[in-house]
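Here is what each chain is made of, one letter per residue.
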Amino acid sequence: MTDELLLVGARVVDPLNAYDDQRDIGIRDGVIVDPATLRDPERLHLQGKVVAPGFIDLHVHLRYPGQTHKEDIRSGTAAAAAGGFTTVLAMPNTVPTVDNPTVLADVLRKAAADGAVHVLQAGALTVGRQGEAVTDIAGLKAAGAPVVTDDGSTPQLAGVMRQAMIAAAAAGIAVIDHCEDCSLARPGVMHDGAVARELGLPGQPRSAEEVIVARDIILAAETGCRLHLQHLSSAGSVAMLRLAQQHGLPVTGEACPHHLFLTDEACRTFGVNAKMAPPLREEADRQALIDGLRDGTLCAIATDHAPHSADEKAAGWTKAPFGIIGLEAAVPLCFSELYNKGVLTLPQLIALFTVGPRKVLGLPVGSLELGATADVTILDLDAKHSISVESFASRSRNCPYDGWQCRGKVVGTLVGSSR
Ligand SMILES: NC(=O)N[C@@H](CC(=O)O)C(=O)O
Ligand SMILES: [Zn+2]
Ligand SMILES: [Zn+2]
């Protein structure tokens, strides 16, 4: 039996094709088709709503395998779908690490069975993410990893990163990079500034991120490796990325909602739910990240959805793990703060969830063209609501946004037939 659906009357925004107008969208068997070819479709009336290509989150922790008390593929992808995402890129800092094709195949098998959205799985850069032996990057790519990263950390030795980039370049795969020099970051638990001094907590200076951003831009230039900088937090990092792009280097970057909407001041209010890597910084950094989105230096907004259990987070500032969840708050926050407050245009904001991630992944995702997988995100730009952490599909609750008022809501997501 064919499965036919017609999306009627919405404003369709498809930045890859520079399209922004009202039109109907036809779907047959999970693929976008010409509406005129449908015979007897089910109709979804979407007047006053926006239809966009399914949003892609380049940075999530699904915690499978090994840490499913925090999240699993079922709960994490349910959270993604509720939050407006139809594709997520899972990080490999699991137990065991996704550092070989066998573990990767297991995750993909589990995702095909349990996933409410498409799950892409990044491979690790080094064995066990120990920063020593480079993984079989070509083998990971062949097994389905679209990118490689040691997220959670990065190889501390430049020589190891250089070797990894040479292998990644040869395999034709991008390195995505958690920029943190541990000798500068440790034992810090928040940004190294006035708030940390007042709270009496050890700080992480901006240099902990920036020296790795500089190092890895230099290595990308030398090796020709495609490099994507994850969860950038400092103004200096954005400036270096901009300069690298002006020099024509193949380097991109992402920002996370928490770095866009919070500063280290939030550490006073939200306690350990404001503890994450890299840390929340200062207002000038926040503004620089927003400028980076505005001028295209940063091509993606990614959540860095990092679930941890209540017990783990209850360990207090110095012992609690780094990270907050973001899948179900990111889109409402971004549409409130960036679109409805006039910071970005609608196509600009939607591109940060579609075209930008597509470029990083090098996959044919994030567009509504005929023949594409029918991944669709449906939005109501005016709907007012407040974020209710209690109602999240995620298994974890480590989120500072409970009760935040938003304008802009995810009405639904459609996930097309698997690629
Ligand atoms: N961002 C975080 O604070 N935590 C992430 C690791 C990471 O993204 O670096 C996690 O896995 O919990
Ligand atoms: Zn990270
Ligand atoms: Zn992460």
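Residues numbered from 1 in each chain as written. Chains lettered and ligands numbered in written order. Predicted model: local features only at pLDDT ≥ 70, side-chain atom pairs only at ≥ 80, totals over all residues.

Defined as follows: UniProt positions are given in the numbering used here, feature names are shortened, and annotations may be inferred rather than shown by experiment.
The chain goes by Dihydroorotase in an unreviewed UniProt entry, where it is assigned to Oligosphaera ethanolica. The heading Sequence similarities (unreviewed entry) in the UniProt record of the chain holds the text "Belongs to the metallo-dependent hydrolases superfamily. DHOase family. Class I DHOase subfamily." As stated in UniProt under Catalytic activity (unreviewed entry), the record for the chain gives "(S)-dihydroorotate + H2O = N-carbamoyl-L-aspartate + H(+)".

1. A word on the overall build of the chain
How we decide: What counts as a helix is a DSSP run of H or I of at least four residues, what counts as a strand is a run of E of at least two, and both are numbered from the N terminus. Based on C-alpha atoms, the radius of gyration is set beside the globule rule, defined as 2.2 Å times the residue count to the power 0.38. Counts of 20 or more other C-beta atoms within 10 Å of a residue's own C-beta define buried residues, counts of 12 or fewer define exposed ones, and intermediate counts define partly exposed ones; C-beta atoms are placed from the backbone. The contact criterion used is a C-beta to C-beta distance within 7 Å, with each C-beta placed from the backbone.
Within the chain, the secondary structure is distributed over 15 helices and 19 strands. Computed over C-alpha atoms, the radius of gyration of the chain comes to 20 Å, within 12% of the 22 Å expected from 2.2 N^0.38 for 419 residues, which places it in the range of a compact globule. Principal-axis analysis of the C-alpha atoms gives the chain an extent of 65 × 45 × 45 Å. Counting the 419 residues in the chain, one finds 56% classified as buried. Restricting the contact set of the chain to residue pairs at least 6 apart, pairs at least 24 apart contribute 76%.

2. Focus: the environment of D20
Positionally, D20 belongs in strand β3 (residues 19-22). Setting aside chain neighbours within four positions, we find D20 in contact with V13 and P347.

3. Considerations on the site of ligand 1
Our working rule: For each residue, a C-beta atom is placed from the backbone, and the residue is labelled near a molecule or strand when this atom is within 6 Å of it. Residue polarity follows a fixed list, in which Ala, Val, Leu, Ile, Met, Phe, Trp, Tyr, Cys and Pro are nonpolar, Asp, Glu, Lys and Arg are charged, and the others, Gly among them, are polar.
Every residue lining ligand 1 is accounted for by H61, N93, D151, G152, H178, M276, A277, D304, A306, P321, F322 and G323. Residues belonging to the shell around ligand 1 are distributed by class as follows: 5 nonpolar, 5 polar and 2 charged.

4. Points about the pairing of strand β16 (residues 251-255)
For clarity, the threshold we go by: Pairing between strands is defined by DSSP: at least two bridges between the two strands are required. Crossovers are described as right-handed under a simple rule: with the strands pointing away from the observer, the path leading from the first strand over the helix to the second runs clockwise.
In terms of burial, β16 is largely enclosed, as 5 of its 5 residues are buried. Alternating residues of β16 divide into V251, G253 and A255 and T252 and E254, and every residue in both groups is buried. Relative to β16, strand β15 (residues 227-229) is paired through 3 bridges, and the arrangement is parallel. Within the sheet, the bridge partner assigned to L229 lies in β16 and is G253. As for the winding sense of the linkage, the β-α-β connection from β15 through helix α8 (residues 235-246) to β16 is right-handed. Here 2 bridges tie β16 to strand β17 (residues 300-301), and the two strands are oriented parallel to one another. Of the residues in β17, the one forming a bridge with A255 is I301.

5. Here we look at the sheet that holds strand β8 (residues 55-60)
Backbone hydrogen bonds are what pair the strands of a sheet, in a parallel or an antiparallel way. Defined as follows: Between the N-to-C directions of two axes lies an angle of 0 to 180 degrees, each axis being a line fitted to C-alpha atoms and, for a helix, fitted only over the stretch in contact.
Strand order in this open sheet of 3 strands is β8-β9-β10, and the pairing throughout is parallel. With partners counted over all chains shown, the strands left at the sheet margins are β8 and β10 (118-121), one partner each. Strand-to-strand twist across the sheet, computed as the mean angle between neighbouring axes with direction ignored, equals 20°. Pairing between β8 and strand β9 (residues 85-90): 4 bridges, direction parallel. Bridge pairing links V60 to A90 in β9.

6. A look at the pairing of β8
Of all 6 residues making up β8, 6 are buried, and the element is well covered by its neighbours. Crossover handedness for the path β8 to helix α1 (residues 73-82) to β9: right-handed.

7. Some points on the sheet that holds strand β6 (residues 42-45)
One open sheet holds the 4 strands; their spatial order is β5-β4-β1-β6, and the pairing between them is mixed. Taken across any chain shown, the strands that pair with only one partner, and hence form the sheet edges, are β5 (31-33) and β6. Neighbour to neighbour, the strand axes of the sheet diverge by 30° on average, direction disregarded. The pairing of strand β4 (residues 25-28) with β5 spans 3 bridges and is antiparallel. Bridge pairing in β5 links G26 to V33.

8. Overview of the confidence of the model for the chain
This is how the line gets drawn: A residue's pLDDT is the predictor's confidence in that residue, given on a scale from 0 to 100.
For the chain, per-residue confidence averages 98 on the pLDDT scale, and 99% of positions sit at 70 or higher. Both scores are given for the predicted complex: the pTM is 0.98, the ipTM 0.99.

9. Some remarks on the UniProt feature "domain: Dihydroorotase catalytic" (unreviewed entry) in the chain
UniProt records the feature "domain: Dihydroorotase catalytic" (unreviewed entry) at residues 48-234, using the numbering of this structure. Taken end to end, residues 48-234 comprises 38% helix and 18% strand; its first and last C-alpha atoms sit 38 Å apart.

10. Concerning helix α2 (residues 101-114)
To be explicit about the condition: Any helix carries an expected span of 1.5 Å times its number of residues minus one. Comment: arc refers to directions from the helix axis out to C-beta atoms.
Here α2 is 14 residues long and its end C-alpha atoms lie 20 Å apart, about the 20 Å a rise of 1.5 Å per residue gives. Within α2 the residues assigned to the buried category are V103, L104, V107 and A111. Within α2, the buried residues cover an arc of 100° as seen down the axis, which keeps them to one side. What points out from α2, more than 90 degrees from its buried face, is the exposed set T102, R109, A112 and A113. Taken together, the buried residues of α2 touch α1, β9, β10 and α3 (137-142).

11. Remarks on unusual backbone geometry
The step from Y64 to P65 runs through a cis peptide bond, and the omega angle for that step is 0°. The omega angle of the peptide bond from V95 to P96 is 0°, so this bond is cis rather than trans. Structurally, the position occupied by P96 is in the loop between β9 and α2. Positive phi, close to 50°, is recorded for D29, a residue that is not glycine. Among the structural elements, D29 can be located in the loop between β4 and β5. Located in the positive-phi region is R63, a residue other than glycine, with phi close to 65°. Note that R63 resides in the loop between β8 and α1.

12. What to know about the nonpolar core
As a reminder, the rule being used: Structurally, a nonpolar core is described as a collection of buried Ala, Val, Leu, Ile, Met, Phe, Trp, Tyr and Cys residues joined by way of C-beta atoms within 7 Å.
Core analysis: the biggest nonpolar cluster contains 130 residues, and V51, A90, V148, A164, A168, V175 and L289 have the highest contact counts within it. Among the elements that take part in this core, helix α13 (residues 330-339) stands out by supplying 7 residues, more than any other. Those residues within four positions of V148 in sequence are excluded, and the remaining contacts are A122, G123, A124, L125, I137, L140, A168, I173 and V175.

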